[in-house]
Amino acid sequence: MLGKCIKNEFVNRSGLVGMISAGVMLFAVIVLGLDKLYNVVGTTAFAVFVKLVDVMFALAMFAVIVMVVLLPCLDFRNRFFKDQGYLTHTLPVKTSTLIGARLICDLVMIAWMVAVYGLAVCIATGNFEVFSDFVGFVQQFLSMSGMIVDRSLIVLDGVLALLMMWLGVMCNIWTINAAYAFGHAFTKGKRIWSVVFFALIQMIYGILVYYVMLGDISLYLVVLVTVTIIEVVGIAVLSVATTLTCKHKLNLE
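Residues numbered from 1 in each chain as written. Predicted model: local features only at pLDDT ≥ 70, side-chain atom pairs only at ≥ 80, totals over all residues. Heavy atoms only, no water.

Looking at the packing of helix α6 (residues 151-183) against helix α8 (residues 220-248)
Look at α6 against α8: their axes get within 8 Å of each other, and the N-to-C directions meet at 25 degrees. Here α6 is positioned roughly parallel relative to α8, judged by the angle of their axes. Our pair here, α6 against α8, has a crossing hand that is left-handed. Looking at the contact of α6 with α8 residue by residue, the classes come out as 23 nonpolar, 7 polar and 2 charged. (Axes fitted to C-alpha atoms, helices over the stretch in contact; angles between N-to-C directions. Helix = DSSP H or I, 4+ residues; strand = E, 2+ residues; numbered from the N terminus. Parallel < 35°, antiparallel > 145°, perpendicular 65-115°, else oblique. Left-handed = near helix turned anticlockwise from the far one by under 90°. Nonpolar A, V, L, I, M, F, W, Y, C, P; charged D, E, K, R; others polar.)

Some details on the side chain of Asp106
Of note, Asp106 is situated in helix α4 (residues 95-125). With a relative accessible area of 1%, Asp106 lands in the buried category. When neighbours within four sequence positions are excluded, Asp106 is seen to be in contact with Arg13, Pro72, Met170, Ile173 and Trp174. (Buried < 20%, exposed > 50% of the residue type's maximum accessible area, 1.4 Å probe, protein only. Contact = heavy atoms within 4.5 Å.)

A short note on the packing of aromatic side chains
For the coordinates displayed, the defined rule picks out 10 aromatic pairs. Where Phe27 meets Phe57, the ring centres are 5.4 Å apart and the plane angle is 80 degrees; that geometry is what we call edge-to-face. One end of the pair, Phe27, is in helix α1 (residues 2-41); the other, Phe57, is in helix α2 (residues 44-80), and 30 residues separate them in sequence. Judged by its relative accessible area of 9%, Phe57 falls in the buried class. On the numbers, 4.4 Å between centres and 5 degrees between planes, the contact of Phe186 with Trp193 is stacked. Overall, the relative accessible area of 31% leaves Phe186 in the partly exposed class. An aromatic cluster is present here, built from Phe76, Phe80, Phe81, Trp174 and Tyr180 joined pairwise through their rings. (Phe/Tyr/Trp six-rings, centres within 6.5 Å; stacked < 30°, edge-to-face > 60°.)

Points about the environment of Ala63
If you trace the backbone, Ala63 turns up in helix α2. Residues Ala63 and Asp83, spaced 20 residues apart in sequence, show a C-alpha to C-alpha distance of 28 Å.

A word on a nonpolar patch on the surface
A cluster of nonpolar side chains, Phe186, Ile192, Trp193, Val196, Leu200, Met203, Ile207, Tyr210 and Tyr211, forms an exposed patch at the surface whose accessible area comes to about 920 Å². Here Tyr210 shows up in helix α7 (residues 190-213). (Patch = residues over 30% accessible without salt bridge, like charges linked within 9 Å, V, L, I, M, F, W, Y side chains within 5 Å. Areas by Shrake-Rupley, 256 points an atom, 1.4 Å probe, with all protein chains shown as cover. Salt bridge = Lys/Arg side-chain N within 4 Å of Asp/Glu carboxyl O.)

A word on the confidence of the model for the protein
On average, the protein scores 83 in pLDDT, and the residues at 70 or more come to 92%. Averaged pLDDT values over the elements of the protein bottom out at 68 in helix α3 (residues 84-88) and peak at 88 in α4. (pLDDT = per-residue confidence, 0-100.)

A word on α7
With 24 residues, α7 extends 35 Å between its outermost C-alpha atoms, agreeing within 8% with the 34 Å of an ideal straight helix rising 1.5 Å per residue. Looking at α7, one finds that the buried residues are Lys190, Ser194, Ile201, Val209 and Val212. Buried residues along α7 sit in contact with α6 and α8. (Expected span 1.5 Å × (residues − 1).)

Overview of the packing of α2 against α6
α6 packs onto α2 with a crossing angle of 30 degrees between their chain directions and a minimal axis gap of 9 Å. As far as their axial angle goes, α6 and α2 are roughly parallel. Here the hand of the crossing between α2 and α6 comes out right-handed. Contact residues: α2 offers Val68, Val69, Pro72, Cys73, Phe76 and Arg77, while α6 offers Val169, Asn172, Ile173, Ile176, Asn177 and Tyr180. Split into classes, the residues belonging to the contact of α2 with α6 amount to 9 nonpolar, 2 polar and 1 charged.

A look at the pattern of salt bridges
Working definition: two side chains of opposite charge can pair if their charged atoms are close together. This model, assessed by the stated rule, comprises 6 salt bridges. Residue Arg79 is joined to Glu9 by a salt bridge in which the shortest nitrogen-to-oxygen separation is 3.0 Å. Placement of Arg79 in helix α2 and of Glu9 in helix α1 is noted, with a sequence separation of 70 residues between them. One exposure class covers both Arg79 and Glu9, and it is buried. Arg13 is the salt-bridge partner of Asp106, the closest N and O atoms lying 2.3 Å from each other. Taken together, the positions of Asp106 in helix α4 and Arg13 in helix α1 put the pair 93 residues apart, joining distant regions of the chain. By the burial criterion, Asp106 is buried, and Arg13 matches it.

Some words on the environment of Gly33
You can see Gly33 is positioned in helix α1. Note: C-alpha distance between Gly33 and Val50 (17 residues apart in sequence) is 9.9 Å.

Structure, rendered in structure tokens:
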């Protein structure tokens, strides 16, 4: 049954993610094409236009990050608490199975968007070694500061940072989902309670990360691993709490 639920999640959500991915890639190709064309045209007015498009691309990439967080939450609200909620909760499927399928789909979708994001950056810059060049820049910058750091360590830090951000997006998605579910455990003021719970969860997360940062901040690996562990535990706790709330304290809109 879990497999069927996962398939259903991808069927319902892959279309929109596919369109966003295609839009990002198309925009990246346009940016690259304009940069190449500028090398031929070379006028000041065209240079201003190209820079404006570059800024729009950067803003679009930021908007994609926001959409990656908000769209799953909107889908969760519609399918679990709005009109579709009546169908969702009358299916002969355990709530834990439905939530588990969403978790797996979220993980895959975010990983896909991270890959699309990285590829779009490479295409837009016309350099498929842009991330390798960035590692070299960081290594050179540290060496100028008197710190000799092996390239492999920088790469490891980067991979862990990417993992932390990936799980951070998941944590934000499930913070919103859980807060929305907690708020709808009440019969009145559901949305107000949802905002209150969201603020409380964010406060708890902020306090935990703050105490991690109080340690030796120079131990980047320790900080990254610790924050990643906090995020993994947080996602697990929030998903279980959301499951229990939907199962025992469900109040649809």
